Amino acid sequence: MAERAPHSPLVAAGWLQGWRLTFAGEDLSLQGALATIVEDPGSQVYVMVYALTDLDELALNQFEAADFGLYRKIHVRVSLLDRDVSAWVYVLEGFEGGLPSPHYLQDLVAAAE
């Protein structure tokens, strides 16, 4: 996010209840399967919430190919420590499955840390 949305400050870490992290769209990327989330009532996903500026939102939409249908934006409820907030997430429009590249996984782990 520091590279893709440099004008959008971090608000807080939280949990997206009823969703799980998975990988999909292996045929859509040169890096193998891409991270996405899918609904799963018994699961939760750790997320970071940002106050996205209009300029950064346009850049992020372009990077995630939201305008071309690779990812779609959906509105969700995120649980923070002190409250729930409304947020947008990008969900991949592809079949679940496939393996991400080791480099891609390292990027995800570094971002989570």
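Because the structure is predicted, anything quoted here is derived from the model rather than measured. Counting from 1, residues in each chain are numbered in the order their sequence is written. Per-residue local features of the predicted model are confined to residues with pLDDT of at least 70, and side-chain atom pairs are confined, for both listing and counting, to 80 or more; whole-chain, interface and lining totals are unaffected and use all residues. Side-chain figures throughout are based on the complete set of non-hydrogen atoms in the structure, without hydrogens or water.

Asks: Residues and numbers for the side chain of T36, please.
Replies: Put simply, DSSP H or I for four residues or longer makes a helix, DSSP E for two residues or longer makes a strand, and each gets a number counted from the N terminus. Locating T36 in the fold gives a position in strand β2 (residues 34-50). Only 2.8 Å separates the side chain of T36 from the backbone nitrogen of L92, close enough to count as a polar contact. Dropping the residues within four chain positions of it, T36 is found in contact with R20, L21, T22, A24, Y90, V91 and L92. A 3.5 Å cut-off defines polar contacts: any pair of N or O atoms within that distance qualifies, except that in protein one atom must be a possible hydrogen donor and the other a possible acceptor, and neighbouring residues in sequence count only when both atoms are side-chain atoms. We call two residues contacting when some pair of their heavy atoms lies within 4.5 Å.

Asks: Help me get a handle on the environment of G25, residues and values and all.
Replies: Within the secondary structure, G25 sits in the loop between β1 (10-24) and β2. The class of G25 is buried, set by a relative accessible area of 1%. Separated by 43 residues in sequence, G25 and F68 place their C-alpha atoms 14 Å apart. Setting aside anything within four residues of it in sequence, one finds G25 in contact with G32, A33, L92, F95 and G97. Each residue gets one of three labels from its accessible area relative to the maximum for its type: buried under 20%, exposed over 50%, partly exposed in between, using a 1.4 Å probe on protein chains only.

Asks: Quick rundown of helix α1 (residues 54-63)? Include the residues and the values.
Replies: Taken residue by residue, α1 has D56, L60 and N61 as its buried positions. Across the axial projection of α1, the buried residues extend over an arc of 140°, all falling on one side. Summarising the geometry of α1, the exposed residues directed more than 90 degrees from the buried face are D54, L55, L58 and Q62. Where α1 is buried, its residues contact β3 (71-79) and β4 (84-92). The arc under discussion is defined with respect to the helix axis, by the directions toward the C-beta atoms.

Asks: Describe the environment of Q44, listing the residues and the values that go with them.
Replies: Mapping Q44 onto the fold places it in strand β2. Here Q44 falls in the partly exposed class, since its relative accessible area comes to 42%. When residues no more than four places from it in sequence are discounted, the contact partners of Q44 are W15, L16, Q17 and W19. Within the local environment of Q44, its side chain forms a polar contact with the side chain of Q17, the two groups lying 3.0 Å apart.

Asks: Explain the pattern of salt bridges to me, and be specific about the residues and the numbers.
Replies: The term salt bridge refers to a side-chain nitrogen of Lys or Arg lying within 4 Å of a carboxyl oxygen of Asp or Glu. Taken as a whole and judged by the stated rule, the model has 4 salt bridges. Across the pair D82 and R83 runs a salt bridge whose closest N-O atoms are separated by 3.0 Å. With a relative accessible area of 62%, D82 lands in the exposed category.

Asks: So what's going on with the nonpolar core? Which residues, and what values?
Replies: Within the largest apolar cluster, 14 residues are counted, with the highest numbers of intra-cluster contacts made by L16, W19, I37, V76, V78 and V89. Those elements that provide at least two residues to this core are β1, β2, β3 and β4. Excluding residues within four positions of it along the chain, L16 makes contact with I37, S43, Q44, V45, V47, V76, R77, V78 and V89. Within the second largest apolar cluster, 10 residues are counted, among which are A35, Y90, L92 and Y104. Here, the term nonpolar core denotes a set of buried Ala, Val, Leu, Ile, Met, Phe, Trp, Tyr and Cys residues that are joined through side-chain atoms within 4.5 Å.

Remember, this is a structural readout, not a statement about activity or role.
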